[in-house]
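# Observations on the three-dimensional arrangement
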Amino acid sequence: IAKSVRVPSAPVTIGDLVLREATIADLRPLAELHVRTFNETHVGPFGSGPSYSTREWQWREKLAETDATNFVLVLETAAKQLVGFIWCHPTKDNPTWAARRNKIYLLRDYQRRGLGKRMVAAAVDRLLEHGLTSMALFTEVDNEPACNFYDQLGGERQQDERGEFGGMYGWSDLRKLKVGLTRFTPL
């Protein structure tokens, strides 16, 4: 898939939150959010994953590459505090999958409110608008909340060459995922 022209999505209001396109102005808050949510999810309150400077460097690079099909959406409060994000992009790793949902994180205080599903729904809409009709993602096998989330969304657990689930989920038809998401989240 050739690089698509940058076509920002219109912001979407979700209760008192706004889901919108990330910009370079979000660099520092996005890096801080990524560190915090990563540590909440994977490391715990006293551990430490990648540093703010590492995440800032990574996000600077990713935000410079965004376009219609390689995008980052952020969820923010009325006070402009970022509380979640989702990043999707095309992939050529496997011809079965047109896109990859690379990251999705929400602060723990904002989880279990349907916001993750709303973020996925917005990303799926965006991918479908630009002709990407299948998607894969990876998560850690022992990340029970994430696996439950993707199972609930109808993700198909992909088996590796040994017939084992290694954390990869796939949706061969994003239109079906979109229909399923409307059951959970009126759009």
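Scroll up to find the structure.
Read on for a plain summary of the structure. (Residues numbered from 1 in each chain as written. Predicted model: local features only at pLDDT ≥ 70, side-chain atom pairs only at ≥ 80, totals over all residues. Heavy atoms only, no water.)

### Brief notes about the overall build of the protein chain
A count of helices and strands for the protein chain gives five helices and eight strands. Counting from the amino terminus, helix and strand elements in the protein chain follow one another as β-β-α-α-β-β-β-α-β-α-β-β-α. A burial count over the protein chain gives 48% of its 187 residues as buried. (Helix = DSSP H or I, 4+ residues; strand = E, 2+ residues; numbered from the N terminus. Buried < 20%, exposed > 50% of the residue type's maximum accessible area, 1.4 Å probe, protein only.)

### Here's the deal with the pattern of salt bridges
As a working rule, side chains carrying opposite charge can pair if their charged atoms are close by. Inspection of the entire model under this criterion finds 14 salt bridges. Glutamate 76 serves as the salt-bridge partner of lysine 80, at 3.7 Å between the closest nitrogen and oxygen. Owing to a relative accessible area of 60%, lysine 80 belongs among the exposed residues under this scheme. With a closest N to O distance of 2.9 Å, aspartate 173 and arginine 175 form a salt bridge. A single network of salt bridges, built from pairs that share partners, joins Arg20, Asp26, Glu76 and Lys80. (Salt bridge = Lys/Arg side-chain N within 4 Å of Asp/Glu carboxyl O.)

### Considerations on helix H2 (residues 52-64)
Taking 1.5 Å of rise per residue, 13 residues should cover 18 Å, and H2 covers 18 Å from first to last C-alpha, within 8% of that figure. Of all the positions in H2, only Arg55, Glu56, Trp59 and Leu63 are classed as buried. Summarising the axial view, the buried residues of H2 lie within an arc of 100 degrees, below the 170-degree limit, and thus occupy one face. Relative to its buried face, H2 has exposed residues pointing more than 90 degrees away, namely Ser53, Trp57 and Ala64. (Expected span 1.5 Å × (residues − 1). Arc of directions from axis to C-beta.)

### Observations regarding helix H3 (residues 115-129)
A rise of 1.5 Å per residue sets the reference length of H3, with its 15 residues, at 21 Å; its end C-alpha atoms lie 21 Å apart and thus fit the reference within 8%. Among the 15 residues of H3, 12 are classified as buried, and the element is accordingly described as predominantly covered. Within the span of H3, buried status applies to Leu115, Gly116, Lys117, Arg118, Met119, Val120, Ala121, Ala123, Val124, Asp125, Arg126 and Leu127. Taken from the residues just after H3, glycine 131 is the one with a positive phi, measuring 85 degrees.

### Comments concerning unusual backbone geometry
Of note in the backbone geometry, lysine 80 takes a positive phi value of approximately 70 degrees without being a glycine. Phi angles above zero are rare outside glycine, and arginine 112 is one such case at about 65 degrees. Residue placement: arginine 112 occurs in the loop between strand E5 (99-106) and H3.

### So, the packing of aromatic side chains
In this structure the tally under the stated criterion is seven aromatic pairs. With a centroid separation of 5.7 Å and 45 degrees between ring planes, the pair formed by phenylalanine 85 and tyrosine 105 is classed as tilted. Remark: tyrosine 105 occurs in strand E5 and phenylalanine 85 occurs in strand E4 (residues 82-90); sequence separation between them is 20 residues. Here the two residues phenylalanine 85 and tyrosine 105 agree in accessibility, since each one is buried. Each ring, one from tyrosine 150 and one from tyrosine 169, has its centre 5.5 Å from the other, and the planes form 50 degrees; the classification is tilted. Taken together, the residues tyrosine 150 in helix H4 (residues 144-152) and tyrosine 169 in strand E8 (residues 165-171) connect sequence positions 19 residues apart. (Phe/Tyr/Trp six-rings, centres within 6.5 Å; stacked < 30°, edge-to-face > 60°.)

### A closer look at the nonpolar core
Counting residues in each nonpolar core, the largest one holds 49 residues, and the members touching the most others are Leu75, Val120, Trp171 and Leu177. Broken down by element, this core gets its largest block of residues, seven residues, from H3. With residues up to four places along the chain from it excluded, the contact list for leucine 177 reads Val120, Val124, Met135, Leu153 and Trp171. (Core = buried A, V, L, I, M, F, W, Y, C linked by side-chain atoms within 4.5 Å. Contact = heavy atoms within 4.5 Å.)

### Comments concerning the environment of glutamate 40
Locating glutamate 40 in the fold gives a position in helix H1 (residues 27-43). Measuring from C-alpha to C-alpha, the distance between glutamate 40 and arginine 108 comes to 7.3 Å, with 68 residues separating the pair along the chain. Excluding residues that lie within four positions of it along the chain, glutamate 40 makes contacts with Leu106, Leu107 and Arg108.

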